[in-house]
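In case you want the letters, here they are:
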Amino acid sequence: MGMSVPQCLGQLHIRKGVVGLATGAGFIYLLYKAIKAGIKCQPPLCTTSPICIARECPGPGERALPQEAPAPEASSVGGPKGLAIERERHGRDSGEVRRLLNSLECKQDEYAKSMILHSITRCVYLLEAEASACATDDIALVGSMLDDKDNSVKIQALNTLKAFSGIRKFRLKVQEHSIKVLELIASIWDSELHIAGLRLLNNLPLPDYVHPQLRRVMPALMEILQSDYILAQVQAIRLLSYLAQKNDLLYDILNCQVHANFLNLFQSTQPGSLLFEVLVFAERLSEGRNSPHYRAVKWHYNEQSLHEALFGDESRLADRLLALVIHPEEEVQIQACKVIVSLQCSQDVGVRPSVCQPSRSYFNSGE
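Residues numbered from 1 in each chain as written. Predicted model: local features only at pLDDT ≥ 70, side-chain atom pairs only at ≥ 80, totals over all residues. Heavy atoms only, no water.

- The name given to the protein chain in an unreviewed UniProt entry is Armadillo repeat-containing domain-containing protein, with Felis catus as the source organism.

**Things to note about the packing of helix α9 (residues 178–187) against helix α11 (residues 211–225)**
Inference 1: Close contact between α9 and α11 brings their axes to 9 Å; oriented N to C, the two are set at 40°. The angle between α9 and α11 places the two elements in the oblique class. For the pair α9 and α11, the crossing hand works out as left-handed. Contacts between α9 and α11 involve Ile179, Leu182, Glu183, Ile185 and Ala186 on the former and, on the latter, Gln213, Leu214, Val217, Ala220, Leu221 and Ile224.
Inference 2: The residue makeup of the contact of α9 with α11, split by class, is nine nonpolar, one polar and one charged. (Axes fitted to C-alpha atoms, helices over the stretch in contact; angles between N-to-C directions. Helix = DSSP H or I, 4+ residues; strand = E, 2+ residues; numbered from the N terminus. Parallel < 35°, antiparallel > 145°, perpendicular 65-115°, else oblique. Left-handed = near helix turned anticlockwise from the far one by under 90°. Contact = heavy atoms within 4.5 Å. Nonpolar A, V, L, I, M, F, W, Y, C, P; charged D, E, K, R; others polar.)

**Notes on the environment of leucine 231**
Inference 1: Along the chain, leucine 231 turns up in helix α12 (residues 230–243).
Inference 2: Accessibility expressed as a relative area gives 47% for leucine 231, which makes it partly exposed.
Inference 3: For the pair leucine 231 and serine 273, spaced 42 residues apart in sequence, the C-alpha to C-alpha distance is 9.6 Å. (Buried < 20%, exposed > 50% of the residue type's maximum accessible area, 1.4 Å probe, protein only.)

**Structural notes on helix α10 (residues 191–202)**
Inference 1: Taking 1.5 Å as the rise per residue, α10 with twelve residues should run 16 Å; its terminal C-alpha atoms sit 16 Å apart, in good agreement.
Inference 2: Among the residues of α10, Leu193, His194, Ile195, Ala196, Gly197, Leu198, Leu200 and Leu201 are the ones counted as buried.
Inference 3: Next to the buried residues of α10 lie α7 (151–165), α8 (171–175), α9, α11 and α12.
Inference 4: Of the residues that open α10, the one with a side-chain oxygen 3.0 Å from the backbone nitrogen of glutamate 192 is aspartate 190. (Expected span 1.5 Å × (residues − 1). Polar contact = N/O pair within 3.5 Å; in protein donor to acceptor, adjacent residues only side chain to side chain.)

**Some thoughts on the side chain of serine 286**
Inference 1: Mapped onto the elements of the fold, serine 286 is located in helix α14 (residues 272–289).
Inference 2: Among the polar contacts made by the side chain of serine 286, one reaches the side chain of serine 342 at a distance of 2.7 Å.
Inference 3: Beyond its immediate sequence surroundings of up to four residues, serine 286 is in contact with Phe311, Ser342 and Leu343.

**Brief notes about the packing of aromatic side chains**
Inference 1: All chains considered together, the criterion is met by four aromatic pairs.
Inference 2: Here the aromatic rings of tyrosine 251 and tryptophan 299 are separated by 4.7 Å at their centres, their planes lie at 25°, and the arrangement is stacked. Here the residue tyrosine 251 occupies a position in helix α13 (residues 247–254), and tryptophan 299 occupies one in the loop between α15 (292–295) and α16 (306–311), the gap between them amounting to 48 residues.
Inference 3: A relative accessible area of 31% means that tryptophan 299 is categorised as partly exposed.
Inference 4: Taken together, a centroid distance of 4.9 Å and an interplanar angle of 20° make the contact between tyrosine 294 and tryptophan 299 stacked.
Inference 5: Three or more aromatic residues link up through ring pairs in this structure, and these residues are Tyr251, Tyr294, Trp299 and Tyr301.
Inference 6: Between arginine 289 and the ring centre of phenylalanine 311, over which it is positioned, the NZ or CZ distance is 4.4 Å. (Phe/Tyr/Trp six-rings, centres within 6.5 Å; stacked < 30°, edge-to-face > 60°. Lys NZ or Arg CZ within 6 Å of the ring centre and 35° of its normal.)

**Things to note about the packing of helix α3 (residues 96–105) against helix α6 (residues 136–144)**
Inference 1: Relative orientation of the contacting elements α3 and α6 amounts to 50°, with a least axis distance of 11 Å. Regarding the angle of α3 to α6, the classification is oblique. With respect to the hand of their crossing, α3 and α6 are arranged in left-handed fashion. Along its contact with α3, which presents Arg98, Leu101, Leu104 and Glu105, the element α6 presents Asp138, Leu141 and Val142.
Inference 2: Along the lines of polarity and charge, the residues of the contact of α3 with α6 split into four nonpolar, no polar and three charged.

**Notes on helix α4 (residues 110–126)**
Working note: α-helix, 3.6 residues per turn, so residues spaced by three or four point in the same direction.
Inference 1: Between the first and last C-alpha of α4 there are 24 Å, a value that for 17 residues agrees with the 24 Å anticipated at 1.5 Å per step.
Inference 2: The complete set of buried residues in α4 reads Ala112, Lys113, Ser114, Met115, Ile116, Leu117, Ser119, Ile120, Thr121, Cys123 and Val124.

**Here we look at the nonpolar core**
Proteins that are soluble and globular tend to have nonpolar side chains buried together.
Inference 1: With 86 residues, the main nonpolar core has Phe164, Phe262, Phe266 and Leu285 as its most contacted residues.
Inference 2: Phenylalanine 262 has contacts with Met222, Leu225, Gln226, Leu306, Ala309 and Leu310, leaving out every residue within four places of it along the chain. (Core = buried A, V, L, I, M, F, W, Y, C linked by side-chain atoms within 4.5 Å.)

**Looking at the pattern of salt bridges**
Inference 1: As enumerated under the stated definition, the model contains nine salt bridges in all.
Inference 2: The partner of aspartate 138 in a salt bridge is arginine 98, and the shortest N-O contact between them spans 2.8 Å. On the criterion of sequence distance, the pair formed by aspartate 138 in helix α6 and arginine 98 in helix α3 is long-range, its members being 40 residues apart.
Inference 3: For aspartate 138, a relative accessible area of 8% corresponds to the buried category.
Inference 4: Taking the relative accessible area as the measure of exposure, arginine 98 reaches 36% and is therefore partly exposed.
Inference 5: With a closest N to O distance of 2.5 Å, lysine 113 and aspartate 148 form a salt bridge. Highlighted residues: lysine 113 in helix α4 and aspartate 148 in the loop between α6 and α7, separated in sequence by 35 residues. (Salt bridge = Lys/Arg side-chain N within 4 Å of Asp/Glu carboxyl O.)

Quick look at the structure:
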């Protein structure tokens, strides 16, 4: 090569310096390009997409904040900006609820309607002041979605109505849809729909004019109670417990046909939340059938009725209750004891309500 070792090393050092300089310059140039591209890149214009929820939607021609960007601080000139819930906290209307309701009026496919209703539900909970400013026509619009052919739209509409039912001024308007909700529960076997519908009904005071429809759907409610879907069972038993306190519905409940294994609901292996609700239901039924008003009439029950399963001569309810007295959950223990006391204190006709008569005992004296 004609060069000594020291000369070769010197040449190599010079070349490495040049390469390093070139590499550093290239990195700075690429960094400059990236920053320039980032400045030029703007987020898309805000739309009325149902995915946008509780975020500020600027006016025409302005740009929306990207989803990843944190909410900006309050502005000293223009007031608070960013999340719609931040705007409401400062007394400003984001208009999010109104925009979503307006978009619901437009022709949409089933998926879009479901997403819009889901977003409205969240807005009602997050933006209470804006939701309170809605009109009863808006409730009617949401209620009309219960007639949609798609079950997912029905479910989201039920959730939205429940959200609005938490606002006092809309309770009566939401209540008008009670009969329709009962029809859906009785005619469509869908666990998610049952849960949504029953949660709505459990959040409303049901007027007397709904009672005829309640009688018609009683078998469906009893079937849901005996299904294997815990959330639906809990909601169904809560509604039945409420209805058991209505004098004109008590017989319809007690005479409702049940499965032969109905008492499995009282097994200690059931979830504690379900067991507690079932025991509350049993206590209210026991108290209702022992009331002077109910005992004034001689009622007849079919052999497969709820009454025979719980209070008939062949019922094994007492055994189940005694097993629940030692249940691990205290509230189940206490409620089981309440049912036992209610059964033991059945009162004879003509005796004052304050006197506890021994009548027929469901329990052996040794127990």
